[in-house]
Every structure is written in structure tokens, then in C-alpha cells.
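Chain residues, written in single-letter form:
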Amino acid sequence: MTTARAQLLRKRMTDAERRLWSKLRMRQVEGFRFRRQAPVGPYVVDFICLELKLIVEVDGGQHAMPRADAKRTAWLESEGYRVIRFWNNDVLKNTEAVLQSLYEALKR
């Protein structure tokens, strides 16, 4: 079921997800490969660099429920992943700043 959900989410990416994907795809960020809308355990994450176990989440208004996000993040971190989050608005209006934050996360 998670794989089917991931496929559906790939088809229905938000504008912010599309913008960030255009910058992440084809190893454009420091040569690292990212996947989009990838299943990880019971969740589907927006973007993931498997090599570094780095997950990038792009959040809109539906993520105004911090408990659910905290539970999800805690589970992902317990599996050894690092999770960084950006708001849709930041991705759309400050793409370069988001990319700079992402470069810094990749260096760690």
C-alpha cells in the first residue's frame, strides 16, 4: 500500500515539491542522488538521499499538527535517518536559501 501511495503522491506533487525536485534531480546537489516520494517503513517521505540517510520534507498547511510530525520524525530518526523540513512558502520564495541549508546538511 505504501508503494501505491508513493506513486500517487509522485503524480500529485505540490508546486513547492516540483520546484525543489527540479533542483535535486539528476545529482544536481553535490552529486548526491535523491529519490522523490519514497516509501520508508510505514511512511512516504518527500525526498530522500539514501547514501546519507537524509530525508527532506516540504511542509504545507496540512503539517500544522506538530504531534503527528514529531511522531513520524522520531520513528524515522530511530531508524537512523536525519530529517530536515522546509515550508512550502520558503521553497517557493527563497529557493536559494533552502538549497544553501540543504548543502550544509549534506556536509554534516
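Not measured: the values here are computed from a predicted model.

All right, on to the nonpolar core then. With 21 residues, the main nonpolar core has Leu20, Leu24, Phe34, Phe47, Val56 and Leu102 as its most contacted residues. Those elements that provide at least two residues to this core are α2 (15-24), β2 (43-49), β3 (54-59), β4 (82-87) and α5 (95-107). If one sorts the elements of this core by residue count, α5 sits on top with five residues. Ignoring any residue separated from it by four or fewer positions in sequence, one finds Phe47 in contact with Met13, Glu17, Leu20, Trp21, Leu24, Phe34, Arg35, Arg36, Leu54, Ile55, Val56 and Val58. If you look at the next biggest cluster of nonpolar residues, it comprises nine residues, including Ala38, Val40, Tyr81 and Val83.

Our next topic: the sheet that holds β3. The four strands lie next to each other as β1-β2-β3-β4, forming an open sheet whose pairing is mixed. Of all the strands in the sheet, the pair left with one neighbour each is β1 (35-40) and β4. Mean inter-strand twist for the sheet, computed between neighbouring axes without regard to direction, equals 45°. Relative to β2, β1 is paired through five bridges, and the arrangement is antiparallel. Bridging across to β2, Pro39 finds its partner in Val44. Where α2 meets the sheet, it contacts β1, β2 and β3, and its direction lies at approximately 35° from that of β2. Each of β3 and β4 touches α5; the most contacted strand, β4, lies at about 175° to it.

All right, on to the confidence of the model for the protein then. Residue-level pLDDT values for the protein average 88, and 88% of them are 70 or greater. Averaged pLDDT values for the elements of the protein fall to 69 in helix α1 (residues 2-11) and rise to 95 in β2.

So, on to the side chain of Thr95. Positionally, Thr95 belongs in helix α5. Thr95 sits in the buried class, given a relative accessible area of 11%. Looking at Thr95, its side chain comes within polar contact range of the side chain of Arg19, at 3.1 Å. Ignoring any residue separated from it by four or fewer positions in sequence, one finds Thr95 in contact with Arg19, Lys23 and Asp90.

The next subject is the side chain of Asp46. Position of Asp46 relative to the elements: it lies in strand β2. Despite its burial, Asp46 pairs with no opposite charge; the closest candidate is Arg72, at 5.6 Å N-O. From its side chain, Asp46 meets the backbone nitrogen of Val58 in a polar contact 2.7 Å long. Those residues within four positions of Asp46 in sequence are excluded, and the remaining contacts are Glu17, Arg35, Arg36, Gln37, Val56, Glu57 and Val58.

Reading the values: rules and limits
- Residues numbered from 1 in each chain as written.
- Predicted model: local features only at pLDDT ≥ 70, side-chain atom pairs only at ≥ 80, totals over all residues.
- Heavy atoms only, no water.
- Core = buried A, V, L, I, M, F, W, Y, C linked by side-chain atoms within 4.5 Å.
- Buried < 20%, exposed > 50% of the residue type's maximum accessible area, 1.4 Å probe, protein only.
- Helix = DSSP H or I, 4+ residues; strand = E, 2+ residues; numbered from the N terminus.
- Contact = heavy atoms within 4.5 Å.
- Pairing = 2+ DSSP bridges.
- Axes fitted to C-alpha atoms, helices over the stretch in contact; angles between N-to-C directions.
- pLDDT = per-residue confidence, 0-100.
- Polar contact = N/O pair within 3.5 Å; in protein donor to acceptor, adjacent residues only side chain to side chain.
- Lys, Arg positive; Asp, Glu negative; His and termini not counted.
- Salt bridge = Lys/Arg side-chain N within 4 Å of Asp/Glu carboxyl O.

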